[in-house]
Amino acid sequence: MCAKSKIGGNQGMNARNVLTLRRVRSIRTQQSHSRRAAGRRRFLRPRWVAAVIAGAAAAVAALLIASSGSARTVPRALTSDQANRLAITRFRNYQAGGRAVTITVPGTGGRLIITGSIDYRGKLGYGAVHGTGRDTSSDGLIEWTATTVFVHPMADAPADAPASPPGSGWYGRPLRTSGSSLDSSLAIALSLGSDRPDNAELLPQNGAVWVGQDRLNGHQVDVMTGPSARATSGTADSVRYWIGSDGTMYRVRIGVASESQPVVIDFDTQKYVPVRPVPGVTPTR
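All figures in this text were calculated on a predicted structure; none of them were measured in a lab. (Residues numbered from 1 in each chain as written. Predicted model: local features only at pLDDT ≥ 70, side-chain atom pairs only at ≥ 80, totals over all residues. Heavy atoms only, no water.)

A.B. asks: Sorry, what's going on with the confidence of the model for the chain here?
C.D. replies: Regions with low pLDDT carry predicted coordinates that are not meant to be interpreted in detail. Residues at a pLDDT of 70 or more form 69% of the chain, whose mean pLDDT is 79. With pLDDT under 50 throughout, residues 1-13 is counted as low confidence; its partners more than four residues away or in other chains account for 0 contacts. Residue range residues 37-72 is modelled with pLDDT below 50. Its contacts to residues more than four positions away, or to other chains, number 8 contacts. (pLDDT = per-residue confidence, 0-100. Contact = heavy atoms within 4.5 Å.)

Structure (structure tokens):
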């Protein structure tokens, strides 16, 4: 009986030991799986977060690009207020009597910069001419009307035209109506004044649209195409006006047939100086 009891006791202990070993192995296996899973989570989490952040950043960037671009490049029909301001912008120049201007004239051999003033009631312009990216053969003083151009060549032209034109050294010629970017620019600048407003109702019908907003020399402006854009060049953005909240004109950009680059006319770039005729010459209006 004792031998059998010992054998039975030993068998019971062996069974308990096997169960204990199995439990220990199971616990160790579970711990090992937990550590591996935690490691994978630690390894994958930064990649997942980075991917989400990158995707969000890309979406925001795309939204900002789309927003900023569409506000400035997609033409829209003029509002009633915008049409009214475009209609009176040339009349504002006439009301002012005259405006200080800087006219940038394009050219294959370099640009010409005319800094001066235009008398919109007297239909007379006057300024100093300087070449950029070209020789100084065209530098000097210039005065013009709707039909005539007077030039005064100077080897060392002043930055600003003297208030009184020199009494001699002037050469006159007819203003060319085609084939000259300089003469086209002079005629355009002189035409930006009118003794009466345009018809605000007809402007949208003739192709005028709003193309964006800008800030120019401290002024908040609306950019609009002029009604003559399609008629003169067949493109809707050939003529653009930068116009303030009261209808004041601050910049005009116009394409000319003889050049690939536009003429740019900026206003109030310096103090306005009243324009005086070349001595001995009566301006033709």
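Back to the text.
A.B. asks: Got a minute to help me understand the sheet that holds strand β5 (residues 148-153) in this structure?
C.D. replies: Adjacent strands of a sheet pair through backbone hydrogen bonds, lying either parallel or antiparallel. Spatially, 11 strands are ordered β6-β5-β4-β3-β2-β1-β11-β10-β9-β8-β7 in an open sheet, and the strand pairing comes out antiparallel. Here the strands that pair on one side only, and so sit at the sheet edges, are β6 (171-174) and β7 (210-216). Within the sheet, the average angular offset between the axes of one strand and its neighbour, ignoring direction, is 20°. Two strands pair when backbone bridges link them, and strand β1 (residues 98-105) and strand β2 (residues 111-119) are joined in this way by 8 bridges, in the antiparallel orientation. By the bridge assignment, Ile-103 is partnered in β2 with Ile-114. The strands that helix α2 (residues 80-96) touches are β1, β7, β8 (219-225), β9 (239-243), β10 (249-254) and β11 (263-267); relative to β8, the one it contacts most, it runs at about 110°. (Pairing = 2+ DSSP bridges. Helix = DSSP H or I, 4+ residues; strand = E, 2+ residues; numbered from the N terminus. Axes fitted to C-alpha atoms, helices over the stretch in contact; angles between N-to-C directions.)

A.B. asks: So what exactly am I meant to see when it comes to the environment of Gly-169 here?
C.D. replies: As for its placement among the helices and strands, Gly-169 is situated in the loop between β5 and β6. Given a relative accessible area of 37%, Gly-169 falls into the partly exposed group. In contact with Gly-169, other than residues within four places in its own chain, are Val-151, His-152 and Pro-153. (Buried < 20%, exposed > 50% of the residue type's maximum accessible area, 1.4 Å probe, protein only.)

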